[in-house]
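# Structural features, examined
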Amino acid sequence: MPHYVAIIEDAGPDDVSLWFPDLPGCISGGDDVDEALENAAEAIGFYEQDLTEDGRELPPPRTLDQLKADPEFADAIRNHTAVLIEFPPNADGEE
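Below you will find a few notes about this structure. (Residues numbered from 1 in each chain as written. Predicted model: local features only at pLDDT ≥ 70, side-chain atom pairs only at ≥ 80, totals over all residues. Heavy atoms only, no water.)

### Regarding unusual backbone geometry
Applicable threshold: We count a stretch as a helix when DSSP gives it H or I for four or more residues in a row; a strand needs E for two or more, and each element gets its number in order from the N terminus.
The omega torsion across Phe87 and Pro88 is 0°, close enough to zero to call that bond cis. Mapped onto the secondary structure, Pro88 falls in the segment after strand S4 (81-86).

Following this line, the structure appears as structure tokens:
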């Protein structure tokens, strides 16, 4: 299963957001990290739906090492928590 790297950022005491370097404009959020992570695959799904409506496809995910080597994202990865989000999510909940 492919995994997209997501960057978790605390936006305040009751607000956590995460974003995907490979999916510009795709974000997820929640009151805490767990909620933001729970919403992440759904956010990718909505993003994919928008791309499909425009006749495009999701770009292939890059690895964490590839993103660390990209100057555009190296600081964000170094200064925040990076996680892997499986997409499409496994239907049975197992990885």
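### Comments concerning the sheet that holds strand S3 (residues 27-30)
Backbone-to-backbone hydrogen bonds pair the strands of a sheet. The strands run either parallel or antiparallel. The criterion, for reference: Strands are treated as partners if at least two bridges between them are detected by DSSP. Where helices are involved, their axes are fitted lines through C-alpha atoms of the stretch in contact, as for all axes, and angles between N-to-C directions lie from 0 to 180°. Residue contacts are defined here by distance: any two heavy atoms, one from each residue, within 4.5 Å place the two residues in contact.
Spatially, S3-S2-S1-S4 is the arrangement adopted by the 4 strands of the open sheet, whose pairing is antiparallel. Edge positions in the open sheet fall to S3 and S4, since each of these has one partner strand only. On average, adjacent strands in this sheet sit at an angle of 30° to one another, irrespective of strand direction. Pairing of strand S1 (residues 3-12) with S4, which is carried by 6 bridges, proceeds in the antiparallel orientation. Note that in S4 the partner of His3 across the bridge is Glu86. Its contacts with the sheet put helix H1 (residues 33-53) on S1, strand S2 (15-19), S3 and S4, and the angle it makes with S3 is roughly 150°.

### Comments concerning the pattern of salt bridges
Let me state the cut-off plainly: Salt bridges are defined by distance alone: a side-chain nitrogen of Lys or Arg within 4 Å of a carboxyl oxygen of Asp or Glu. Using a 1.4 Å probe on the protein chains alone, a residue whose accessible area is under 20% of its type maximum counts as buried, one over 50% counts as exposed, and one in between counts as partly exposed.
Within this structure, the stated rule accounts for 4 salt bridges. A salt bridge links Arg78 to Asp75; its shortest N-O distance comes to 2.1 Å. Pair noted here: Arg78 and Asp75 are both in helix H3 (residues 71-79), with a separation of 3 residues, about one helical turn. Assessed through its relative accessible area of 58%, Arg78 is described here as exposed.

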